[in-house]
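# Chain and residue survey
Next come the chains, spelled out residue by residue.
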Amino acid sequence: MTQPSALLAGVWEFIVGDDWRIAVGVVLALALTALVAVAGISAWWVVPLAVVGLLALSIRRAARPTD
Amino acid sequence: MSGAEIGLALAVFLACMVEAVEALTIVLAVGTTRSWSSAMGGVGAATLALAVIVAALGPALTSLPIDLLRLLIGGLLLIFGLQWLRKAILRSAGLKAKHDEIQVYEVQAAAARAAGAKPSGFDGYAFTIAFKGVLLEGLEVAFIVLTFGANQHRVALAAAAAGFAVLVVVAAGVAARAPLARVPENTMKFAVGVMLSSFGMFWGAEGAGATWPGGDGALLAIIPGMLIVAIALSKTVPHTSDSTPPAHSGSPPADTGDRARVRA
């Protein structure tokens, strides 16, 4: 592995960790919050709802037997 | 001191304690088997590097517009916090590979003994291993100090909380003269995960344009709410025989992946 790609892999592992879906889900939830807020609708509930769902799904995936 | 500042100091203190315990194990191993002076040189160099990172990036972050800062840092804290929480829940259920500080100490000490004869003066091996251990464990703390501190423009308070945690761990290590295997690291990681996720959720949503009911007071509902959700999720996970609940678990296992990955 080259040094830049090793650095990128390190940063990815450091921030994103074991489940990249959590990171993607958080980004999407914040984007949806911005869209809802721009539309003039109360948007505070979007992120908490997304967080509960993302964590529950991630734990469920990790706990699921693979064989 | 406001509630948010107490939360900041507490989260940084706990996170730093966990990482300091892990770094202490590595330093103890190379210090006792190789050279204390060279190991402490590595600790000093790594601490300096971490201080430079925080000092250089802190002002750069705090100069960003507040909404962008909150969105960026809230998002990062939320991702980071959820990963900590996820790992803590999986470890408490025994679904993530486990290790303890004694085992890490023995492995590090064996590697240090096998690394060849000790030089009479400066020991490059002890210096490098101590430097690497402290720097890698410290980077997570530096990240939390920077993100938490920058968002409230209290980087100095966050750094002070981190420094105090290091002092506590070093004092305990000197008193015990052994790895701190009885520190409930997983419980602390669980608490840090809840704090990081809660503050990340609060700031991230605010940065994206949402307005919380009750303003800053919403944190008084978000933090306990997040704690209840995390505890409820940890109860729903099937626990293996070697698992312990978050409130009673000891040392965290190595970051070697969850059960699905280990089985694969």
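None of the values given here were measured: they were computed from a predicted structure.

Reading the values: rules and limits
Residues numbered from 1 in each chain as written. Chains lettered and ligands numbered in written order. Predicted model: local features only at pLDDT ≥ 70, side-chain atom pairs only at ≥ 80, totals over all residues. Helix = DSSP H or I, 4+ residues; strand = E, 2+ residues; numbered from the N terminus. Buried ≥ 20, exposed ≤ 12 C-beta atoms within 10 Å, placed from the backbone. Contact = placed C-beta atoms within 7 Å. Rg over C-alpha atoms; globule rule 2.2 N^0.38 Å. Nonpolar A, V, L, I, M, F, W, Y, C, P; charged D, E, K, R; others polar. pLDDT = per-residue confidence, 0-100. Axes fitted to C-alpha atoms, helices over the stretch in contact; angles between N-to-C directions. Left-handed = near helix turned anticlockwise from the far one by under 90°. Core = buried A, V, L, I, M, F, W, Y, C linked by C-beta atoms within 7 Å. Expected span 1.5 Å × (residues − 1). Arc of directions from axis to C-beta.

### A few points about the overall build of chain B
What chain B contains, in helices and strands, is 9 helices and 0 strands. When the helices and strands of chain B are listed from N to C terminus, the series reads α-α-α-α-α-α-α-α-α. Buried residues in chain B amount to 50% of all 264 residues. Taking the contacts inside chain B whose residues are at least 6 apart along the sequence as the reference set, 89% of them involve residues at least 24 apart.

### Some remarks on the overall build of chain A
Counting its regular elements, chain A contains 3 helices and 0 strands. Expected size for 67 residues packed as a compact globule is a radius of gyration near 11 Å; at 16 Å, chain A overshoots this value by more than 25%. Its C-alpha atoms give chain A principal-axis dimensions of roughly 50 × 35 × 15 Å. Residues classed as buried in chain A amount to 30% of the 67 residues present.

### Side note on the interface of chain B and chain A
Opposite the 33 residues of chain B that make contact, chain A presents 30 residues. Counting only elements with at least two residues in the side of chain B that touches chain A, the list comes to helix H3 (66-92), helix H7 (185-207), helix H8 (219-236) and helix H9 (259-263) of chain B. Per element, the largest residue contribution to the side of chain B that touches chain A is 12 residues, and it comes from H3(B). When grouped by side-chain class, the residues that make up the side of chain B that touches chain A number 22 nonpolar, 7 polar and 4 charged.

### Looking at the confidence of the model for chain A
With 93% of its residues at a pLDDT of at least 70, chain A reaches an overall mean of 87. Of all helices and strands in chain A, the one with the weakest mean pLDDT is helix H1 (residues 3-15) of chain A (75), whereas helix H2 (residues 20-38) of chain A scores best (96).

### Structural notes on the packing of helix H1 (residues 3-33) of chain B against helix H4 (residues 101-114) of chain B
All names here are of chain B. Axis separation between H1 and H4 bottoms out at 8 Å; the angle between their running directions is 35°. The handedness of the crossing between H1 and H4 comes out as right-handed. Here H1 contributes Val21, Thr25, Ile26, Leu28, Ala29, Val30, Thr32 and Thr33 to the contact with H4, which in turn contributes Glu101, Val104, Tyr105, Gln108, Ala109, Ala112 and Arg113. Of the residues in the contact of H1 with H4, the class split is 9 nonpolar, 4 polar and 2 charged.

### With respect to the nonpolar core
All names here are of chain B. In terms of nonpolar packing, the biggest core is built from 98 residues, with Val12, Cys16, Ala130 and Val145 touching the most fellow members. At 19 residues, the largest contribution of residues to this core is made by H1. For Val12, the residues in contact, after removing those within four places along its chain, are Ile144, Val145, Phe148, Ala158, Ala161 and Ala162.

### Description of the confidence of the model for chain B
Residue and element names in this part refer to chain B. For chain B, per-residue confidence averages 82 on the pLDDT scale, and 90% of positions sit at 70 or higher. Across chain B, H8 holds the top mean pLDDT of 92, while H9 sits lowest at 37. Taken together, the chains of this predicted complex give a pTM of 0.78 and an interface ipTM of 0.90.

### A closer look at the environment of Ala93(B)
Residue and element names in this part refer to chain B. Topologically, Ala93 is positioned in the loop between H3 and H4. Here Ala93 falls in the buried class, since 27 other C-beta atoms lie within 10 Å of it. In this structure, the C-alpha to C-alpha distance between Ala93 and Leu180, residues 87 residues apart in sequence, is 22 Å.

### Considerations on helix H3 (residues 46-63) of chain A
The end-to-end C-alpha distance of H3(A) is 26 Å, a good match for the 26 Å that 18 residues give at a rise of 1.5 Å each. Within the span of H3(A), buried status applies to Val46(A), Val47(A), Pro48(A), Ala50(A), Val51(A), Leu54(A), Leu55(A), Ser58(A), Ile59(A) and Ala62(A).

### Here's the deal with H4(B)
All names here are of chain B. The end-to-end C-alpha separation of H4 is 20 Å, in line with the 20 Å expected for 14 residues at 1.5 Å each. For H4, every residue scored as buried is listed here: Glu101, Tyr105, Gln108 and Ala112. Down the axis of H4, the sector holding all buried residues measures 75°, keeping them to one side. Facing away from the buried surface of H4 by more than 90 degrees, the exposed residues are Ala110, Arg113 and Ala114. After H4 finishes, the residue Gly116 shows a positive phi value of roughly 105°.

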